[in-house]
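Residues per chain are reported as follows:
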Amino acid sequence: LERNSSTKVLFPIIFPDYINLYELHSGLKTAHSKDSTLGVGVKLVELEAKYKDSLKDASGFEKVDASYKKVDYVAHLGLSA
Amino acid sequence: MLERYLRLWDNKKSVPVQFAANTLYVMERNGMNDALDEYSHILIDILKNKSEFLHSEGLAISLWALAQSGSLNSDVWTNVFEKNLSDKKFGHELSYIDEVRLTPNQFESASNSYFSEGSWSDFGKKLFYQGIIPYYLPRLH
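Residues numbered from 1 in each chain as written. Chains lettered and ligands numbered in written order. Predicted model: local features only at pLDDT ≥ 70, side-chain atom pairs only at ≥ 80, totals over all residues. Heavy atoms only, no water.

**Q** Hey, could you run me through the overall build of chain B in this one?
**A** Counting secondary structure elements, chain B contains six helices and three strands. Listed N to C, the secondary structure of chain B is α-α-α-α-α-β-β-α-β in terms of helices and strands. For chain B, the proportion of its 141 residues judged to be buried stands at 48%. If you take every contact in chain B between residues at least 6 apart in sequence, the share linking residues at least 24 apart comes to 54%. About 7400 Å² of surface is accessible on chain B, with carbon and sulfur atoms providing 52% of the total. (Helix = DSSP H or I, 4+ residues; strand = E, 2+ residues; numbered from the N terminus. Buried < 20%, exposed > 50% of the residue type's maximum accessible area, 1.4 Å probe, protein only. Contact = heavy atoms within 4.5 Å. Areas by Shrake-Rupley, 256 points an atom, 1.4 Å probe, with all protein chains shown as cover.)

In structure tokens form, the structure reads like this:
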């Protein structure tokens, strides 16, 4: 537990570069579209209101997101199944 | 590899919660559906037991992974995400990187926190980079 509580504090200091707002927004939208009864919609609306300006242009994230290649990891790493 | 790692932890509650978030994310990002089917319940249990220790990055990527894979149910949503999302801040900055040493595979960011792909072993490069660098965009000159 001590290790985890220090991670929460240290992680943003060690890795300050992140764009997880877009990933979170993308996840909330996907979850809401798959099951609108979960209650995700309320948080989605809250997030969109809070970060309205930042969410106007997610083209950078979408570009990288779309470029990510799915691979067959067993073959890719040369491992046997 | 994941199975061997998890076997090292007699008590699964001792596994760092960020490990669970990262692993779910990597598996979903790379389409490792068999591994997700087999291990997601263990990783989700870790998230539920230790959700209070997740930082914003962990919350964002694990939510993204579970939403994409269709594994997000009301229990996980309520106990992991709904109660923890409100007090977190989420970033939106893109980090631009510059090449160093005139090579196409070594970069540095303004904060110098980027771990250069060029310094990784061939196995590490294959495992983490796949020839692209997620979330880092080359600076346009």
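**Q** Help me out: how do you make sense of the nonpolar core in this one?
**A** For soluble globular proteins, nonpolar side chains are generally found buried alongside one another. In terms of nonpolar packing, the biggest core is built from 46 residues, with Leu28 of chain A together with Leu47, Leu72 and Phe81 of chain B touching the most fellow members. Mapped by element, the contributors of at least two residues to this core are helix H2 (20-34) and helix H3 (40-50) of chain A together with helix H1 (2-7), helix H2 (17-29), helix H3 (33-49), helix H4 (56-69) and helix H5 (74-85) of chain B. If you tally residues by element for this core, the top one is H4 of chain B, at eight residues. Residues contacting Leu72 of chain B, with those up to four places away along its chain left out, are Ala31, Leu38 and Val40 of chain A together with Leu63, Leu66, Ala67, Trp77 and Phe81 of chain B. (Core = buried A, V, L, I, M, F, W, Y, C linked by side-chain atoms within 4.5 Å.)

**Q** Whenever I open this one, the pattern of salt bridges confuses me. Can you help?
**A** Should the charged atoms of two oppositely charged side chains come close, the side chains can pair. The tally for this structure, following the rule as stated, stands at four salt bridges over all chains. Ionic pairing is found between Lys43 of chain A and Glu46 of chain A, a salt bridge with its closest N-O pair at 3.7 Å. Of this pair, Lys43 of chain A and Glu46 of chain A both sit in helix H3, separated by three residues, roughly a single helical turn. Residue classification places Lys43 of chain A among the buried residues on the basis of a relative accessible area of 11%. Looking at Glu46 of chain A, the relative accessible area reads 42%, which means it is partly exposed. We note a salt bridge from Lys48 of chain B to Asp75 of chain B, for which the minimum N-O separation is 2.6 Å. Placement of the pair is Lys48 of chain B in helix H3 and Asp75 of chain B in helix H5, with a sequence separation of 27 residues. (Salt bridge = Lys/Arg side-chain N within 4 Å of Asp/Glu carboxyl O.)

**Q** Looking at this model, I keep getting lost on H3 of chain A. Mind explaining?
**A** Each turn of an α-helix holds 3.6 residues, which means side chains three or four residues apart point in the same direction. Of the residues making up H3 of chain A, those classed as buried are Val40, Gly41, Lys43, Leu44 and Leu47 of chain A. Along the axis of H3 of chain A, the buried positions cluster into a sector of 160°, meaning they face one direction only. Away from its buried face by more than 90 degrees, H3 of chain A exposes Val42, Val45, Ala49 and Lys50 of chain A. Check the buried side of H3 of chain A and you find it contacts H2 of chain A together with H5 of chain B. (Arc of directions from axis to C-beta.)

**Q** So what exactly am I meant to see when it comes to the packing of aromatic side chains here?
**A** The description of two aromatic rings rests on the distance between their centres and on the angle between their planes. Residues and elements named next belong to chain B. Summed over all chains, the structure comprises two aromatic pairs over all chains. A centroid spacing of 6.3 Å and a plane angle of 25° characterise the contact between Trp77 and Phe81, whose relative ring orientation is stacked. Placement of the pair is Trp77 and Phe81 together in helix H5, with a separation of four residues, close to one helical turn. Here Trp77 matches Phe81 in class, with each residue buried. Taking NZ or CZ as reference, Arg29 lies 4.1 Å from the ring centre of Trp64, over its face. (Phe/Tyr/Trp six-rings, centres within 6.5 Å; stacked < 30°, edge-to-face > 60°. Lys NZ or Arg CZ within 6 Å of the ring centre and 35° of its normal.)

**Q** Just to check I follow, could you spell out H2 of chain A for this structure?
**A** Taking 1.5 Å of rise per residue, 15 residues should cover 21 Å, and H2 of chain A covers 21 Å from first to last C-alpha, within 8% of that figure. Counting buried positions along H2 of chain A yields eleven of 15 residues, so the element is predominantly enclosed. (Expected span 1.5 Å × (residues − 1).)

**Q** In this structure, what is going on with the environment of Phe90 of chain B? I would like to understand it.
**A** Residues and elements named next belong to chain B. Following the sequence through the fold, Phe90 ends up in the loop between H5 and strand S1 (95-99). Take Phe90: its relative accessible area is 5%, and that puts it in the buried class. Taking the C-alpha atoms as reference points, Phe90 and Ala60, 30 residues apart in sequence, are found 8.5 Å from one another.

**Q** I'm lost on the side chain of Ser40 of chain B in this one. Help?
**A** Residues and elements named next belong to chain B. Locating Ser40 in the fold gives a position in helix H3. One polar contact links the side chain of Ser40 to the main-chain carbonyl oxygen of Leu36, over a distance of 2.7 Å. Excluding residues that lie within four positions of it along the chain, Ser40 makes contacts with Leu24 and Ala35. (Polar contact = N/O pair within 3.5 Å; in protein donor to acceptor, adjacent residues only side chain to side chain.)

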